[in-house]
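Coordinates in review
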Amino acid sequence: MRDILARTAWWAEPRTWVLRDLDLRRAREAPFEYSADVLDNLIPGGLYLLRGPRRVGKSVEVKKKIGQLIEGGEDPRRIIHIAADGLRAADLRRAVDAAAGLTPRDGRRFWFIDEITAVSDGWPAAVKWLRDNDFRFGLDTVVLTGSSAADLTEAVKALAGRRGGALDSDRILLPMSFREFVRVRTSADPDDMTSPPPSDLGPVAVADLTQATLADAVHALAPWMHRFVEEWETYVTVGGFPQAVAAYETGDWWPPGAFSSGFDRDFDVGGKGIDRALRRSLLDVIHGEAFGQARWSRTQTDAFVQRLARGITSPTNCHDIATDTGTSGNTVRRRIDALRESFVVWPCYLERKLRPALRSQEKTYFTDPVYARLSHRAQPPADFGPPSEQQLGMALVRSFAREDPRGYLDFDSVLYHRTRTGKEIDFVGPGFGDVAIESKYVDGDRWRRAARTMRASSWRGIMATRSALDLGDPEFMAVPTGLLVWLIGG
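Residues numbered from 1 in each chain as written. Predicted model: local features only at pLDDT ≥ 70, side-chain atom pairs only at ≥ 80, totals over all residues. Heavy atoms only, no water.

Let's talk about the nonpolar core
Spelled out, the test is: Residues belong to a common nonpolar core when they are buried Ala, Val, Leu, Ile, Met, Phe, Trp, Tyr or Cys residues joined through side-chain atoms within 4.5 Å. Burial status follows relative accessibility: with a 1.4 Å probe on protein chains alone, a residue under 20% of its type maximum counts as buried, one over 50% as exposed, and anything between as partly exposed. Only runs of H or I of at least four residues qualify as helices and only runs of E of at least two qualify as strands under DSSP, and these elements are numbered from the N terminus. We call two residues in contact whenever any of their non-hydrogen atoms come within 4.5 Å of each other.
Counting residues in hydrophobic clusters, the biggest one holds 155 residues, and the most contacted among them are Leu144, Tyr408 and Ile437. Looking at this core, the element that brings in the most residues is helix α12 (residues 225–238), giving seven residues. Beyond its immediate sequence surroundings of up to four residues, isoleucine 437 is in contact with Val206, Leu392, Leu396, Ile425, Asp426, Phe427, Phe432, Met454, Ile462, Ala464 and Leu484.

Some details on helix α11 (residues 211–221)
Worth spelling out the cut-off: Note that the arc is computed from the directions linking the helix axis to the C-beta atoms.
Every buried residue belonging to α11 is among Leu214, Ala217, Val218 and Leu221, and all of these are buried. Each buried residue of α11 sits inside an arc of 100 degrees when the element is viewed along its axis, so together they form one side. Opposite the packed face of α11, turned more than 90 degrees from it, sit the exposed residues Asp216 and His219.

A short note on the sheet that holds strand β4 (residues 141–146)
The condition that has to hold: In this description, strands pair whenever DSSP reports at least two bridges between them. Lines fitted to C-alpha atoms define the axes here, with helix axes fitted over just the stretch in contact, and angles between the N-to-C directions of these axes take values from 0 to 180 degrees.
Here five strands make up an open sheet; going across it, the order is β2-β3-β4-β1-β5 and the pairing parallel. Sheet topology places β2 (79–83) and β5 (170–172) at the edges, where each strand pairs with a single neighbour. Going from strand to strand, the sheet's axes swing by 15 degrees on average, the running direction of each strand aside. Relative to β4, strand β3 (residues 110–114) runs parallel, the two being bridged by four bridges. Counterpart to isoleucine 113 in the pairing with β4 is leucine 144.

Section: a negative patch on the surface
Which entries qualify depends on this criterion: Distance thresholds for patches are 9 Å for like charges and 5 Å for nonpolar side chains (Val, Leu, Ile, Met, Phe, Trp, Tyr), applied to residues having over 30% relative accessible area and no salt bridge. In this description, accessible areas are obtained by the Shrake-Rupley approach with a 1.4 Å probe, and a residue is regarded as covered only by the protein chains that are shown. Salt bridge, as used here, is a side-chain nitrogen of Lys or Arg placed within 4 Å of a carboxyl oxygen of Asp or Glu. The charge count treats Lys and Arg as positive and Asp and Glu as negative. His and the chain ends do not count. By convention, the point assigned to a charge is CZ for Arg, NZ for Lys, CD for Glu and CG for Asp.
A surface patch of like charges, here negative, comprises Glu403, Asp404, Asp410 and Asp412. Within the secondary structure layout, aspartate 404 lies in the loop between α18 (385–401) and β10 (415–418). Given the relative accessible area of 40%, aspartate 404 is considered partly exposed.

A short note on the side chain of serine 148
Looking at the secondary structure, you find serine 148 in the loop between β4 and α9 (149–158). For serine 148, a relative accessible area of 17% translates into the label buried. Discounting residues that sit within four places of it in the chain, serine 148 has contacts with Thr117, Glu341 and Phe343.

With respect to the pattern of salt bridges
Inspection of the entire model under this criterion finds 36 salt bridges. With a shortest N-O distance of 3.4 Å, aspartate 443 and arginine 466 are connected by a salt bridge. Note that aspartate 443 is positioned in the loop between β12 (435–439) and α19 (451–455) and arginine 466 in the loop between β13 (460–465) and β14 (476–480), a separation of 23 residues in sequence. Judged by its relative accessible area of 27%, aspartate 443 falls in the partly exposed class. A relative accessible area of 28% means that arginine 466 is categorised as partly exposed. Where arginine 448 meets aspartate 445, a salt bridge forms, and the shortest distance between an N and an O atom there is 3.9 Å. Among the residues examined, aspartate 445 registers a relative accessible area of 56% and is labelled exposed.

Observations concerning the confidence of the model for the chain
Condition: The predictor's confidence in any single residue is recorded as pLDDT, a number from 0 to 100.
In this model, the chain carries an average pLDDT of 89, and 93% of its residues clear a pLDDT of 70 or more. In this model, residues 256–271 is a region of pLDDT below 50 whose contacts with residues beyond four sequence positions or in other chains number 31 contacts.

Brief notes about the packing of aromatic side chains
Two descriptors summarise a pair of aromatic rings, namely the distance from one centre to the other and the angle between the planes of the rings. Test applied: Pairing of aromatic rings covers Phe, Tyr and Trp, the last through its six-membered ring, and needs centres within 6.5 Å; plane angles under 30 degrees mean stacked, over 60 mean edge-to-face, and all others mean tilted. Note on criteria: charge over ring means Lys NZ or Arg CZ within 6 Å of the ring centre, with the direction from the centre no more than 35 degrees off the ring normal.
Per the stated rule, a full pass over the model turns up 19 aromatic pairs. Taken together, Phe178, Phe181, Trp232 and Tyr235 form an aromatic cluster joined through their ring pairs. One residue, arginine 179, lies across the ring of tryptophan 486, its end atom 3.7 Å from the ring centre. In this structure, arginine 335 packs its charged tip against the face of tryptophan 296, placed 4.9 Å from the ring centre.

Considerations on the packing of α12 against α18
To keep it simple, the criterion reads: Geometric relationships in this document are graded by angle, where less than 35 degrees denotes roughly parallel, more than 145 denotes roughly antiparallel, 65 to 115 denotes roughly perpendicular, and other angles denote oblique. Here the term charged refers only to Asp, Glu, Lys and Arg, the term nonpolar to Ala, Val, Leu, Ile, Met, Phe, Trp, Tyr, Cys and Pro, and the term polar to all other amino acids, Gly among them.
As a packed pair, α12 and α18 sit with axes 9 Å apart at the nearest point and diverge in direction by 90 degrees. Compared by their axis directions, α12 and α18 come out roughly perpendicular. Along the contact surface, α12 presents Trp232, Tyr235 and Val236, while α18 presents Pro387, Ser388, Gln391 and Leu392. Tallied by class, residues from the contact of α12 with α18 come to five nonpolar, two polar and no charged.

Looking at the packing of α18 against helix α20 (residues 481–488)
The geometry of a pair of packed helices is captured by two quantities: the angle between their axes and the separation between those axes. So the rule is basically this: Working rule for handedness: look at the near helix, and if it is turned counterclockwise from the far one by less than a right angle, call the crossing left-handed; if clockwise, right-handed.
Where α18 contacts α20, the axes come no closer than 9 Å and their chain directions differ by 15 degrees. When the interaxial angle is binned, α18 and α20 end up roughly parallel. Like other packed secondary-structure pairs, α18 and α20 cross with a definite hand, here left-handed. Residues Ser388, Leu392, Ala395, Leu396 and Ser399 of α18 pack against Thr481, Leu484, Val485 and Ile488 of α20. Its residues placed into classes, the contact of α18 with α20 shows six nonpolar, three polar and no charged.

Describing the state of the cysteines
Threshold: Cysteine sulfur atoms are paired as a disulfide whenever they come within 2.5 Å of each other.
The tally for this structure, following the rule as stated, stands at zero disulfides. Left without a disulfide partner, cysteine 318 is nearest to the cysteine sulfur of cysteine 348, which lies 15 Å away. The class for cysteine 318 is buried, based on a relative accessible area of 15%. Classification of cysteine 348 as buried rests on a relative accessible area of 0%.

Describing α20
Most of α20 sits inside the fold, with eight of its eight residues counted as buried. Within α20 the residues assigned to the buried category are Thr481, Gly482, Leu483, Leu484, Val485, Trp486, Leu487 and Ile488. Glycine 489 occupies a position one or two residues after α20 and carries a positive phi of about 80 degrees.

Some thoughts on the pairing of β14
Within β14, five of the five residues are buried, which leaves it mostly tucked inside the rest of the structure. Bridging between β13 and β14 involves five bridges; their strand directions are parallel. Opposite threonine 465, over in β14, you have proline 480 as the bridge partner.

Written as structure tokens, this is what we have:
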């Protein structure tokens with residue numbers, strides 16, 4: 001362990017290590033500049049949990065933070081980074097013991113332990129023991145990153161009272177939001193003279209989406225209205241993983257020319273370069289980590305993910321999925337739970353009195369569009385409606401997680417409603433105020449067909465359309481989905 005720590009790049013080369021680091025070099029080579037700033041404002045002595053799916057960029061954010069600390073004057077020898085893949089809980093204690101002889105004897109240190117959820121034999125108990133029994137480690141600033149929601153939830157309980165006074169100690173890193181996507185897309189094209197929408201407008205809380213608020217937003221954002229439609233349809237196909245956005249910007253994306261040729265069906269289904277590598281990597285993560293104990297073939301994993309993608313707008317029927325994939329209903333439930341714990345999907349529960357009805361069928365949405373096209377047999381969306389509904393729901397989840405990142409894993413902020421006649425309203429929740437949101441990705445007046453269901457409810461209705469805009473009735477308004485999502489910051 002001493003040898004591993006002693007090879008820390010910035011200890012020997014504090015000024016040049018960033019030029020050699022592969023993660024940071026790939027970030028620099030991207031056609032845009034992007035940072036999630038998810039590790040800002042670390043309090044000395046705080047213990048932080050950074051959660052998020054694999055390949056979303058947690059390691060990049062950690063290394064960017066290390067670079068900022070060194071540039072800000074921190075002693076590089078006080079900054080320790082450990083990649084936890086392949087380690088055991090006992091190795092964490094050995095690392096702390098080894099660091100005692102390799103780091104300066106006084107002063108607080110910074111620990112960055114990456115993908116700690118790969119330590120499968122009780123890392124929360126090991127970290128708890130170290131915070132309680134190693135005086136110096138108990139005072140250090142510690143950042144733990146991980147991709148398993150189950151382990152991180154256990155850690156929140158185990159480490160209660162050991163977070164060093166940090167009030168915002170739970171952080172979450174998800175793929176780019178639509179706002180971030182629009183910003184990096186605008187900055188990536190030097191020939192694009194369109195300025196990005198004004199960033200000082202919003203985000204607006206869902207409960208504050210009144211007729212007056214929306215009218216003010218439409219007035220301020222009028223020059224960008226057509227762009228919101230175009231960018232939203234790009235976003236719900238490409239997704240927000242930085243690698244996917246980079247692949248699209250460089251033309252190394254699947255399928256080539258999709259948005260200029262109207263989804264030509266003669267594309268190379270094998271994918272291209274960066275995008276193909278990302279999709280293969282994410283499928284490997286699902287197969288090897290989320291389904292690691294399943295003894296499924298890669299083909300079965302591929303088929304299961306494809307089947308979920310076909311049913312994202314309907315309540316999840318485990319029996320039907322089991323029949324289609326040749327397995328059992330209990331197995332389907334376990335696999336969906338594994339995907340949820342890996343941040344691949346999120347459940348939208350049926351509401352009863354604005355609380356999740358856990359015994360009823362939930363809807364299962366992907367957290368990012370890239371998961372719906374992992375298979376080499378996947379096709380571009382023939383209809384933007386389902387992925388638009390999915391990402392609208394995810395944007396709503398993000399809007400609430402912005403104030404309470406820990407609450408993301410409760411999945412009780414965004415729910416769906418079923419009327420007495422069996423009709424559904426897509427999104428309601430305890431923080432929505434008197435607003436309900438329905439996704440109808442249409443133009444013109446076709447959104448009015450859903451008026452009867454919405455008007456019969458007790459909520460003010462907002463219809464998320466493709467381009468239709470109508471704010472005439474404060475109780476039932478139509479707003480383009482791209483504008484709505486941009487406004488709530490999702």
